[in-house]
Amino acid sequence: YNNMSSTGIAVGLNRGFPVTKRVMGARPSNNKARISKRTKMVRDLVSEVVGMNPYERRLLDMLKTGGAGAEKRMYKFAKRRLGTHRRALKKRDQVKEAYGKIRARAAVTH
């Protein structure tokens, strides 16, 4: 968007009557995706107690078996289940992080 001020001329890039821009406050929709500390804590606790969904376990299994295209297969599978590119990438990273924690725990105990 062009931040230049209007010139008062009827033609050209900055055409139109010169006015002062109003500063608008933040809209509530801007806060929609933010997670509060409490919600994050509750979700972490629930996932720790309940464990993973069956499709998340399948993703974890794909990661464990590995291979050349493991990440791509994980992404494609997650995208089929979750519907969008962004959700699939987020879920893949989440499962990889969980796998890293599992491996770290195993390394500490051995």
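Note that this is a predicted model, so its numbers are computed, not measured. (Residues numbered from 1 in each chain as written. Predicted model: local features only at pLDDT ≥ 70, side-chain atom pairs only at ≥ 80, totals over all residues. Heavy atoms only, no water.)

Peer 1: Describe the packing of helix 2 (residues 54-65) against helix 3 (residues 70-82), with residues and values.
Peer 2: Packing of helix 2 against helix 3 brings their axes to within 9 Å, and their N-to-C directions diverge by 170 degrees. On the basis of the axis angle, helix 2 is roughly antiparallel to helix 3. Residue-level contacts link Tyr55, Arg58, Leu59, Met62 and Leu63 of helix 2 to Ala70, Arg73, Met74, Phe77, Ala78, Arg81 and Leu82 of helix 3. Here the residues of the contact of helix 2 with helix 3 are counted per class, giving 9 nonpolar, no polar and 3 charged. (Axes fitted to C-alpha atoms, helices over the stretch in contact; angles between N-to-C directions. Helix = DSSP H or I, 4+ residues; strand = E, 2+ residues; numbered from the N terminus. Parallel < 35°, antiparallel > 145°, perpendicular 65-115°, else oblique. Contact = heavy atoms within 4.5 Å. Nonpolar A, V, L, I, M, F, W, Y, C, P; charged D, E, K, R; others polar.)

Peer 1: Let's hear about a nonpolar patch on the surface: which residues, and what values?
Peer 2: On the surface, Met41, Val42, Leu45, Val46, Val49 and Val50 cluster together to form a nonpolar patch covering roughly 570 Å² of accessible area. Checked against the element boundaries, Leu45 lands in helix 1 (residues 37-50). The exposure class of Leu45 is partly exposed, given its relative accessible area of 47%. (Patch = residues over 30% accessible without salt bridge, like charges linked within 9 Å, V, L, I, M, F, W, Y side chains within 5 Å. Areas by Shrake-Rupley, 256 points an atom, 1.4 Å probe, with all protein chains shown as cover. Salt bridge = Lys/Arg side-chain N within 4 Å of Asp/Glu carboxyl O. Buried < 20%, exposed > 50% of the residue type's maximum accessible area, 1.4 Å probe, protein only.)

Peer 1: I'd like a rundown of the packing of helix 2 against helix 4 (residues 85-109), residues and numbers included.
Peer 2: Two elements in contact, helix 2 and helix 4, have axes separated by 10 Å at closest approach and are oriented at 65 degrees. Taken together, the axis directions place helix 2 and helix 4 in an arrangement best described as roughly perpendicular. Crossing geometry of helix 2 relative to helix 4 is assigned as right-handed. Side by side, helix 2 and helix 4 meet where Tyr55, Glu56, Leu59, Leu60, Leu63 and Lys64 of the first sit next to Lys91, Gln94, Val95, Lys96, Tyr99 and Ile102 of the second. Each residue belonging to the contact of helix 2 with helix 4 can be placed in one class, and the counts come to 7 nonpolar, 1 polar and 4 charged. (Left-handed = near helix turned anticlockwise from the far one by under 90°.)

Shape descriptors only; they carry no functional weight alone.
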